[in-house]
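Structure assessment
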Amino acid sequence: MLLKFTAADMLNTSLIDVTTGERAYEIVTIMIPSEAAESLLATSGSEISSPPSPVDAVPPTSQYASTSKSAEQARRRTQILDPSGNILVDIIWNGRQPSITIGDEKVGALTDLFGSSTIRFMPKILCIPTRFDTEYIWTATADSLTLYDYDADLVKGTFHQNVIRLRASKLRQNSSSSSRTLYPRTDSAFRFLQTHIPGFGSNYLEFKPHFLALDVEIIISFLMMEILRRGRFCLTPYTFDRSRLWHLKEAKDRVVRRLRRYTM
């Protein structure tokens, strides 16, 4: 399955099925009035005093540490809907702590979405097992996010960010200069060309369905992993406030990091 994001804000976007050209999912995030938020949190069983999720375990970078406490504790609701408007995933956010419901299943906190309550942080890679298959591992680095099947030794999913999708015939003409930037796909008719510029190009989510998991579980897991990836590798964090401009912040931060790298 190959899904294209129609907006840079991954929690406020449509997902287009590239094969059919039809809208497959709608992701919407809204603020919740304080009175309604208290009722929703009580219903979902999520408490402010509950142990922090891995998202909270990753501190924000210093330039974003000035965010006010009230903004961090704002209550929001993220939903994934099908084309008919049916709610497939419902997430209640207490600050950056999510309480997740997939279909009729109350999953719970972010740790319950994955196959382990603890995360082993390695210097250059973040690996978290899925809850639906012990051989399927979410693998994140500073530059990539994939779903990897260790038993088959195959990549089963990839989050392509800031890419241009081109026909393979066009890319082969310039293969000598751009081969390092290509993302190989099972569909040989197209390839992804990495732009390396936040906000330039499009974002795609590509994965193979798993018979033990709903497609929406894989989708929401990818999005949560992207939030974790950004925190773990000190990248520009996802922000709910003015989130449509977050890729501009990312572009600025990337330029600053490169300048520091070449001047030190």
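Our subject is the structure listed above.
Report follows, based on the coordinates. (Residues numbered from 1 in each chain as written. Predicted model: local features only at pLDDT ≥ 70, side-chain atom pairs only at ≥ 80, totals over all residues. Heavy atoms only, no water.)

Before going further, it helps to spend a moment on the side chain of Ser-221. Topologically, Ser-221 is positioned in helix H7 (residues 215-232). Accessibility expressed as a relative area gives 1% for Ser-221, which makes it buried. In this structure Ser-221 touches Leu-113, Phe-114 and Trp-138, once residues within four positions along its chain are discounted. (Helix = DSSP H or I, 4+ residues; strand = E, 2+ residues; numbered from the N terminus. Buried < 20%, exposed > 50% of the residue type's maximum accessible area, 1.4 Å probe, protein only. Contact = heavy atoms within 4.5 Å.)

Counted under the stated rule, the structure contains 6 salt bridges. We note a salt bridge from Glu-26 to Arg-23, for which the minimum N-O separation is 3.5 Å. A residue is classified by how much of its surface remains accessible, and Glu-26, at 23% relative accessible area, is partly exposed. Among the ionic contacts, a cluster of salt bridges with common partners joins Glu-105, Arg-131 and Glu-217. (Salt bridge = Lys/Arg side-chain N within 4 Å of Asp/Glu carboxyl O.)

Next up on the list: H7. Under the 1.5 Å per step criterion, the end-to-end length of H7 is 25 Å for 18 residues, consistent within 8% with the ideal 26 Å. Judged by how many residues are buried, H7 sits mostly within the fold: 17 of 18 residues are covered. One or two steps after H7, the chain reaches Cys-234, where phi turns positive at roughly 55°. (Expected span 1.5 Å × (residues − 1).)

Attention now moves to the packing of aromatic side chains. Applying the stated criterion to the full structure yields 7 aromatic pairs. Between Tyr-148 and Tyr-150 the ring centres are 4.6 Å apart and the planes differ by 80°, which places this aromatic pair in the edge-to-face class. Taking the relative accessible area as the measure of exposure, Tyr-150 reaches 46% and is therefore partly exposed. Seen in terms of ring centroids, Tyr-238 and Phe-240 are 5.4 Å apart; in terms of plane orientation they differ by 90°. Their pairing is edge-to-face. Across the pair, Phe-240 and Tyr-238 agree in class, each one buried. Ring pairs connect the aromatic residues Trp-93, Tyr-238 and Phe-240, which therefore count as one cluster. Here Arg-165 stacks its cationic end above the ring of Phe-190, 3.8 Å away from the centre of that ring. A cation over an aromatic ring shows up here: Arg-232 above the ring of Phe-233, its NZ or CZ 5.2 Å from the ring centre. (Phe/Tyr/Trp six-rings, centres within 6.5 Å; stacked < 30°, edge-to-face > 60°. Lys NZ or Arg CZ within 6 Å of the ring centre and 35° of its normal.)

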